[in-house]
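Listed below, chain by chain, are the residues.
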Amino acid sequence: MVRIVENLIYQEGAGEAGGLDLYLPQRKECKALFVYFHGGGLESGDKADDKGVCRELAEEGVAVASANYRMYPGAVFPQYIEDAARAVAWCLGHVGEYTAYEKVFVGGVSAGAYLSMMLHFCPRFLAECGVDEKEIDGYIFDAGQPTVHFNVLRERGWDPAAVRIDEAAPLYYLEGEKPVVKSQRFLVVVSDNDIPGRREQNELLIRTMETHQYDRNQITYRVMEGYTHAGYVGVTNENGSYPYARMIKDFLEPFFD
């Protein structure tokens, strides 16, 4: 059984965009907290989109906080990243009131992965909310865009299919002697028929991480065969369960020992 607590407010004055849902294991304690951000190109989507996956993770002992955030046209760069940072900070400060947990992970799919990448590679967003990036044990970057997000390009009046790397790109912050937390782990996921260039950009991200103090064994890379962009997330098997949830659980499992 899973306990679901809906529409908790992590940010006042933002309406539904400032809310999140908790999926809590029935047991009093769980091994991990996963702060999850939905996809939708920074202009659509909702915290309830992947409810089945969140529920199944909670059934497996992982507490999930599925958070909304402000989106286009009501928000512009970097407001949605600031929202994501506030959601993480709220979770670190308040989820312990609902359940105990040992580890903290942050991630999301597509636009949610972009937000998660920005939180990690540009930790000032978390720091401004009182969170030390070292408090995060790992990240899940699922089909994210490590270059400037296409909706940020559109906001600037540029070609949304262009490839740019500047302060709005996670890759931009991989330079110099960035401190690396060697205990952190990363799951990077793409499909074999993803958005044109998305797989190659994520492989560039991984390679750039390797050239900037990250060990390759910190990174798990999965290419989902036979799918378009993030098309595997909501797929169920013959038993009605979500292989995507199992993949996430398998990634988290070594932290449970």
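Quick note: structure is the one above.
Described in the following lines is the structure provided in the data block.

Here is what the cut-offs are and how they apply
- Residues numbered from 1 in each chain as written.
- Predicted model: local features only at pLDDT ≥ 70, side-chain atom pairs only at ≥ 80, totals over all residues.
- Heavy atoms only, no water.
- Helix = DSSP H or I, 4+ residues; strand = E, 2+ residues; numbered from the N terminus.
- Phe/Tyr/Trp six-rings, centres within 6.5 Å; stacked < 30°, edge-to-face > 60°.
- Buried < 20%, exposed > 50% of the residue type's maximum accessible area, 1.4 Å probe, protein only.
- Lys NZ or Arg CZ within 6 Å of the ring centre and 35° of its normal.
- Contact = heavy atoms within 4.5 Å.
- Salt bridge = Lys/Arg side-chain N within 4 Å of Asp/Glu carboxyl O.
- Pairing = 2+ DSSP bridges.
- Axes fitted to C-alpha atoms, helices over the stretch in contact; angles between N-to-C directions.

### Observations regarding unusual backbone geometry
- That bond from tyrosine 72 to proline 73 is cis: its omega, 0°, falls within 30 degrees of zero.
- For proline 73, the position within the fold is in the loop between strand S4 (62-67) and helix H2 (79-94).
- Here the residue pair phenylalanine 77 and proline 78 is connected by a cis peptide bond, since its omega of 5° sits within 30 degrees of zero.
- Along the polypeptide, proline 78 turns up in the loop between S4 and H2.
- A positive phi angle, close to 75°, is found at glutamine 213, a residue other than glycine.
- Of note, glutamine 213 is situated in the loop between helix H6 (198-210) and strand S8 (219-228).

### A few points about the packing of aromatic side chains
- Tallying each qualifying case throughout the model produces 16 aromatic pairs.
- Look at tyrosine 139 and phenylalanine 186: their rings are 5.9 Å apart centre to centre, the planes differ by 5°, and that puts the pair in the stacked class. One end of the pair, tyrosine 139, is in strand S6 (residues 138-142); the other, phenylalanine 186, is in strand S7 (residues 185-193), and 47 residues separate them in sequence. Each member of the pair, tyrosine 139 together with phenylalanine 186, is buried.
- Here the aromatic rings of tyrosine 227 and tyrosine 232 are separated by 5.7 Å at their centres, their planes lie at 85°, and the arrangement is edge-to-face.
- Assessed through its relative accessible area of 3%, tyrosine 232 is described here as buried.
- Members of the aromatic cluster, connected to one another through ring pairs, are Phe121, Tyr139, Phe141, Phe186 and Tyr214.
- The ring of phenylalanine 125 has arginine 124 lying over it, and the distance from NZ or CZ to the ring centre is 4.1 Å.

### Comments concerning helix H1 (residues 51-59)
- Residues Val53, Cys54, Glu56, Leu57 and Ala58 constitute the buried set of H1.
- Check the buried side of H1 and you find it contacts strand S1 (2-9), strand S2 (19-25), strand S3 (32-37), S4 and helix H7 (243-252).
- Positive backbone phi, approximately 95°, marks glycine 61, located one or two places after H1.

### A closer look at the pattern of salt bridges
- Across all of its chains, the model carries 17 salt bridges by this definition.
- We note a salt bridge from glutamate 6 to lysine 51, for which the minimum N-O separation is 3.3 Å. Of this pair, glutamate 6 sits in strand S1 while lysine 51 sits in helix H1, and the two are 45 residues apart along the sequence.
- Using a relative accessible area of 44% as the deciding quantity, one classes glutamate 6 as partly exposed.
- On the basis of relative accessibility, which here comes to 29%, the residue lysine 51 falls in the partly exposed class.
- Residue arginine 199 is joined to glutamate 203 by a salt bridge in which the shortest nitrogen-to-oxygen separation is 3.1 Å.

### Thoughts on the sheet that holds S1
- The strand order across the open sheet formed by 8 strands is S1-S2-S4-S3-S5-S6-S7-S8, and the pairing between neighbours is mixed. The sheet is open, and its two edges are formed by S1 and S8, each paired on a single side. Averaged over all neighbouring strand pairs, the angle between strand axes comes to 15°, with direction disregarded.
- Sheet topology note: the S3/S4 ladder contains 6 bridges and is parallel. Among the inter-strand pairings, phenylalanine 37 is bridged to a residue of S4, identified as alanine 67.
- Contacting S3, strand S5 (103-109), S6 and S7, helix H3 (residues 111-121) runs over the sheet at an angle of about 135° to S5.

### Some words on the pairing of S5
- Within S5, 6 of the 7 residues are buried, which leaves it mostly tucked inside the rest of the structure.
- As defined by bridge partners, S3 adjoins S5 across 6 bridges and the pair is classed as parallel. Considered in S5, the bridge of tyrosine 36 is made with glycine 107.
- In terms of strand pairing, S5 meets S6 through 5 bridges, oriented parallel. The residue bridging valine 109 from the neighbouring strand is aspartate 142, located in S6.

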